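Coordinate analysis (summary)
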Amino acid sequence: MSRILLVDDEPSILSVLSTLLKTEGYDVEPVNDGEKAKELLASDDFDLLLSDIRMAPVNGLELLKIARGKKHPLTTIMLTAYGSVETAIDALKLGAFDFVTKPFKVDELLITIQRALEFSNALSENASLKEQLDSRYHIENIIAESAEMQDTCEMIKKVAPSETTILIYGESGTGKELVAKAIHSYSKRSKGNFLAVNCAALPEALLESEMFGHVKGSFTGASSNKTGLFEAANSGTIFLDEVGSIPLAVQGKLLRVLQEKEIRAVGSNKTIKVDARVLAATNVPLEQLIQEGTFREDLYYRLSVIPINIKPLRERPDDILPLVMHFIQQDIPQNSEPPSLSPEAKLLLETYSWPGNIRELENAVKHAITFADNNQIEVNNLPARIATSQGNTIQSTVNNISQTENYAPQPLKDFLKNQERIYLKQILAQNDDNKEKTAATLQVSLATLYRKLTE
Ligand SMILES: Nc1ncnc2c1ncn2[C@@H]1O[C@H](COP(=O)(O)OP(=O)(O)OP(=O)(O)O)[C@@H](O)[C@H]1O
Ligand SMILES: [Mg+2]
């Protein structure tokens, strides 16, 4: 039942309207005083505010402003005396849904109320959908259409507020740094620094001083004191990128810092307490490095209190086209028409194996936008490596299929796989790249189709 807050300082109108609306089945809260209405607006939830404009000391426009300023703005209809249309127009400017002049016609009033409530329902449905989306999956800047990436986003939101160390694993270009930044920005430390150090880029001595600082004269070239990142990240987050490359000697020191939460700068005998949350990333499984003897197992356990695995792009094809759209939007000037994708280009983007993952996709999109003619991205606008990846424009696969002789000797399994792939592409093209239709034609599930396309 819709709840209406009804405000009018004229007792007769208040009682007539209140009875009318109750008989129409609304849950009405009649109030004859603006102050009381203000309190109710603050403390209670209504679906509609129906208020007279001219009241003292709190007039209807003031109530309107409060109603519209709420987190979920309240839909409002104003009642106005005949002849004061100007005030009514002010009300519309302030966001009133509509106004009804007194003396009002009952039908007109009831229809306006009905329309206003429909409008308000639609708005609140949208708002709750948006909230659901925001809270469940959506993290600013992270495109997550696939179930895999949605799980990762949920994980980010769950683990961000804690203080635990997190180890992010993913192939090159899968978004490890993006995920680390998201964890930082959803954490209690979001106002502090996010400092990244690429452990693969620095030789041992420099890496140590970068992380923990050094005092003047502690080694050749140390011409002044230097604050390390652990100290600089105080009450923020430090991101150890490519953590698998840390030399063994520095690993020992890092382990001690994680355990004791204090550092000692190179060449100093003073310890300093530090308060930095550690996130680490690697594209080589650390278990493998432990086997090879280049990574300390005890450090591994310290770092991977919570592991996050980011799937490679080829295992989450549902993300490909949304990412393409995202990068197109980022790359084109504001207000300009985004380029479209030819069906062949779309298919290739969706079926290419993306060894360089999202970074490679991002570069491919930028490349294609630069070379596209007539605002349409074609296969040959993509970087050559991708465009020629399977020698396959759709036309050439269709040609291939009619070429039924002179196959090179090969295991039957490979031959069948190859034919299957060619056939899949042909049916996909016939169905205008619609995967649901293609799966239906082939009588396989959508998941099977995706798996076959990415194999
Ligand atoms: N899910 C995503 N949504 C939007 N953009 C993404 C997503 N994942 C990655 N990117 C973008 O792709 C690029 C590469 O991501 P990032 O640098 O985080 O990857 P990485 O795993 O740290 O790569 P590397 O292993 O090369 O260090 C960045 O521009 C990033 O913004
Ligand atoms: Mg990175």
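All of the points below concern the structure found in this document. (Residues numbered from 1 in each chain as written. Chains lettered and ligands numbered in written order. Predicted model: local features only at pLDDT ≥ 70, side-chain atom pairs only at ≥ 80, totals over all residues. Heavy atoms only, no water.)

Before going further, it helps to examine the side chain of Thr-282. Inspection of the secondary structure puts Thr-282 in strand 13 (residues 277–282). Reaching out from Thr-282, the side chain makes a polar contact with the backbone oxygen of Val-284 at a distance of 2.6 Å. (Helix = DSSP H or I, 4+ residues; strand = E, 2+ residues; numbered from the N terminus. Polar contact = N/O pair within 3.5 Å; in protein donor to acceptor, adjacent residues only side chain to side chain.)

It is worth spelling out the layout of surface pockets at this point. Roughly 590 Å³ of volume is contained in the largest pocket. For the largest pocket, the lining is made up of 24 residues, of which Gly-173, Thr-174, Gly-175, Lys-176 and Leu-178 are closest to its centre. Among the secondary structure elements, those contributing two or more residues to the lining of the largest pocket are helix 7 (176–185), helix 13 (320–331) and helix 15 (357–371). It is helix 7 that contributes the most residues to the lining of the largest pocket, five residues altogether. (1 Å grid on protein atoms, 1.4 Å probe; cavity = no way out; pocket = protein on both sides within 12 Å on 5 of 7 lines; lining within 4 Å. Points joined across faces, edges and corners; volume = space filled by probe spheres on them.)

A word on the packing of aromatic side chains. Tallying each qualifying case throughout the model produces five aromatic pairs. A ring pair is formed by Tyr-352 and Trp-354, whose centres lie 4.6 Å apart and whose planes are at 85°; its orientation type is edge-to-face. Across the pair, exposure class does not vary: Tyr-352 and Trp-354 are buried alike. (Phe/Tyr/Trp six-rings, centres within 6.5 Å; stacked < 30°, edge-to-face > 60°. Buried < 20%, exposed > 50% of the residue type's maximum accessible area, 1.4 Å probe, protein only.)

Let us now look at helix 15. Since there are 3.6 residues in each turn of an α-helix, residues three or four apart along the chain are aligned in direction. Helix length check: helix 15 (15 residues) gives 21 Å between terminal C-alpha atoms against 21 Å at 1.5 Å per residue, within 8%. Looking at the buried side of helix 15, the elements it contacts are helix 13, helix 14 (343–351), strand 16 (376–377) and helix 16 (384–387). (Expected span 1.5 Å × (residues − 1). Contact = heavy atoms within 4.5 Å.)

Take the packing of helix 13 against helix 15 next. Taken N-terminus to C-terminus, the directions of helix 13 and helix 15 make an angle of 50°; their axes are 9 Å apart at the nearest point. Relative to helix 15, the element helix 13 is oriented oblique. The hand of the helix 13/helix 15 crossing is right-handed. Contacts from Ile-320, Leu-323, Val-324, Phe-327, Ile-328, Gln-330 and Asp-331 in helix 13 reach Ile-358, Leu-361, Glu-362, Val-365, Lys-366 and Ile-369 in helix 15. (Axes fitted to C-alpha atoms, helices over the stretch in contact; angles between N-to-C directions. Parallel < 35°, antiparallel > 145°, perpendicular 65-115°, else oblique. Left-handed = near helix turned anticlockwise from the far one by under 90°.)

On to the site of ligand 1, then. Of all residues adjacent to ligand 1, which total 16 residues, the nearest are Ile-143, Lys-176, Leu-178, Arg-359 and Glu-362. Here Ile-143 contributes a backbone N or O atom positioned 2.8 Å from a nitrogen atom of ligand 1. Between Gly-175 and ligand 1, the recorded distance is 3.1 Å, taken from a backbone N or O atom to an oxygen atom. When ligand 1 is considered free in solution it has 630 Å² of accessible area, and contact with the protein chains removes 85% of it. Applying the majority rule of atoms within 2 Å of the grid points places ligand 1 in the largest pocket. For the shell around ligand 1, the elements supplying multiple residues, two or more each, are helix 7, helix 13 and helix 15. Of the residues assigned to the shell around ligand 1, the class counts are six nonpolar, six polar and four charged. Two domains share the shell around ligand 1, each providing at least three of its residues, namely domain 2 (147–311) and domain 3 (317–454). (Near = heavy atom within 4 Å. Areas by Shrake-Rupley, 256 points an atom, 1.4 Å probe, with all protein chains shown as cover. Sits in = over half its atoms within 2 Å of the grid points. Nonpolar A, V, L, I, M, F, W, Y, C, P; charged D, E, K, R; others polar. Domains from an automatic or database assignment.)

Two elements, strand 6 (residues 166–169) and strand 13, share four bridges in a ladder whose sense is parallel. Its bridge partner being in strand 13, Ile-168 is matched across the sheet by Ala-281. As paired elements, strand 6 and strand 14 (residues 306–309) share four bridges and run parallel to each other. Within the sheet, the bridge partner assigned to Ile-166 lies in strand 14 and is Ile-306. (Pairing = 2+ DSSP bridges.)

This part covers the nonpolar core. Side chains of a nonpolar character, in soluble globular proteins, are inclined to be buried together. Residues Met-211, Phe-230, Leu-240, Val-243, Ile-246, Phe-295 and Leu-303 are the most contacted members of the largest nonpolar core, which totals 29 residues. Of all elements in the fold, only helix 8 (204–212), helix 9 (229–232), strand 10 (237–241), helix 10 (248–260), strand 13, helix 11 (286–292) and helix 12 (297–303) reach the threshold of two or more residues within this core. Considering every element that reaches this core, the biggest residue donor is helix 10, with five residues. Dropping the residues within four chain positions of it, Leu-240 is found in contact with Val-197, Cys-199, Met-211, Leu-254, Val-278, Leu-279, Ala-280 and Ala-281. Ranked by size, the runner-up nonpolar core spans 25 residues in total, among them Leu-313, Leu-349, Ala-364 and Val-379. (Core = buried A, V, L, I, M, F, W, Y, C linked by side-chain atoms within 4.5 Å.)

The parallel open sheet is built from five strands, whose spatial order is 2-1-3-4-5. At either margin of the open sheet sits one strand with a lone partner, and together these are strand 2 (27–31) and strand 5 (98–102). Averaged over all pairs of adjacent strands, the angle between strand axes in this sheet comes to 20°, irrespective of strand direction. Alignment of strand 3 (residues 48–52) against strand 4 (residues 76–81), held across four bridges, turns out to be parallel. If you follow Asp-52 over to strand 4, its bridge partner there is Leu-79. Contacting strand 1 (3–7), strand 2, strand 3, strand 4 and strand 5, helix 1 (residues 11–23) crosses the sheet at an angle of about 175° to strand 2.

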